[in-house]
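# Overview (structure and organization)
If you want the building blocks of each chain, they are given just below.
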Amino acid sequence: NRIAWGAKYVLFLFFVTGTVFIPNEPLFSPIFLQLSRIGGAVFIFFQQIILIDMAYNWNESWVAKADEAEQEKEGGGKKWLGAILASCAVLYLSSLVGIGVMYAYYSGSACSTNVAFITITLIAGIVCTGVQLSGEEASLLTSAVFFSYATYLCFTSVSKNPIAECNPKLGDTDVLGIILGIVFVLVSLSWTGWSFTAAHKRGEETRSSSSISRQSSLVENGHMKSYGSDASQEGEQSKKVGGIVMNNADEEKESGSEAKGSDDDGNEAAKTWKRRSQS
């Protein structure tokens, strides 16, 4: 996931286009259709996780920029906080408009399933917003992204209702649903690739910085060890030199005592010779 993203996008679009030419028989209806249903459900599950992660990182990034701008200049972070609120307003407004349009065109007395889907989506969006704002890690932008994605999923569900009374666009090509689906897929895939690459780069930078710090600590420890060894060697040399000095002093003392002894012997001999001469 770190290289050749242009080729990956082209290959993805090529495969999507290729599915149009798959014949209904003998593989599509009994095999490919069932696999696509299972794969679509799994993909939607992971796509929700990806979009929530993207929304959290989006919010944290703009909040961090607001803090930095506020430290540089008082009031400088208001533009980033205003951008967060503006994004939330656009997403919430789009979701509520979508809910209203679905109530107006995809509900009715015989459309209890559509009404249930639309109502559950509305309640889920409100509840998720309340839960997010009540927590310590509150993120209104994350709730707005989740509400918008839930509204899109609800629209794709009710627009595929096979009952004509509940689906005024039955039989028409759902251009809006196709465009929105492609946009959500590209955004989620792009975020997955970019976040993985960014995390990999941060990991490499962290490893390199840690290795540099370890090397510097080893170098510092080596200098300290060499300094300690040099100091110990100097201490030993000073001890040796001190021993030599002491030995020299002992030798001088011994030579002085020998000289004194020889002088005493000479004096005794002179005294003996004098006594003999007198006698």
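Residues numbered from 1 in each chain as written. Predicted model: local features only at pLDDT ≥ 70, side-chain atom pairs only at ≥ 80, totals over all residues. Heavy atoms only, no water.

Right, let's get into the nonpolar core. Of all hydrophobic cores here, the largest spans 9 residues; its members are Leu51, Met54, Ala55, Val145, Tyr149, Tyr152, Leu153, Phe184 and Trp191. For this core, the secondary-structure elements that each account for two or more residues are helix H2 (24-72), helix H5 (140-158) and helix H6 (175-278). Counting residues per element, this core draws most heavily on H5, at 4 residues. The residues touching Tyr149, leaving out its near neighbours within four places in the chain, are Ile44, Gln47, Gln48, Leu51 and Phe184. (Core = buried A, V, L, I, M, F, W, Y, C linked by side-chain atoms within 4.5 Å. Buried < 20%, exposed > 50% of the residue type's maximum accessible area, 1.4 Å probe, protein only. Helix = DSSP H or I, 4+ residues; strand = E, 2+ residues; numbered from the N terminus. Contact = heavy atoms within 4.5 Å.)

For the protein, per-residue confidence averages 75 on the pLDDT scale, and residues scoring 70 or more make up 69% of the total. When mean pLDDT is compared element by element in the protein, helix H3 (residues 78-105) scores highest at 93, while H6 scores lowest at 56. (pLDDT = per-residue confidence, 0-100.)

This model, assessed by the stated rule, comprises 7 aromatic pairs. Between Trp58 and Trp62 the ring centres are 5.5 Å apart and the planes differ by 85°, which places this aromatic pair in the edge-to-face class. Here Trp62 and Trp58 lie together in helix H2, a separation of 4 residues that amounts to about one turn. Ring plane angle 90° and centroid distance 6.1 Å describe the contact between Tyr106 and Phe155, whose orientation is recorded as edge-to-face. With a gap of 49 residues between them, Tyr106 in the loop between H3 and helix H4 (112-134) and Phe155 in helix H5 connect regions that are remote in the sequence. Phe155 shares its class with Tyr106; the two are buried. In this structure an aromatic cluster arises from ring pairing among Trp58, Trp62 and Trp80. (Phe/Tyr/Trp six-rings, centres within 6.5 Å; stacked < 30°, edge-to-face > 60°.)

Once that is clear, we can look at the state of the cysteines. Put plainly, two cysteines are in a disulfide when a covalent bond ties their sulfur atoms together. A full pass over the atoms with the stated rule returns 1 disulfide. Sulfur-sulfur distance for the disulfide between Cys111 and Cys166 comes to 1.8 Å. Residues Cys111 and Cys166 share a disulfide whose torsion about the S-S bond is about -100°; that sign makes it left-handed. With Cys111 in the loop between H3 and H4 and Cys166 in the loop between H5 and H6, this pair connects stretches of sequence that are 55 residues apart. (Disulfide = S-S within 2.5 Å.)

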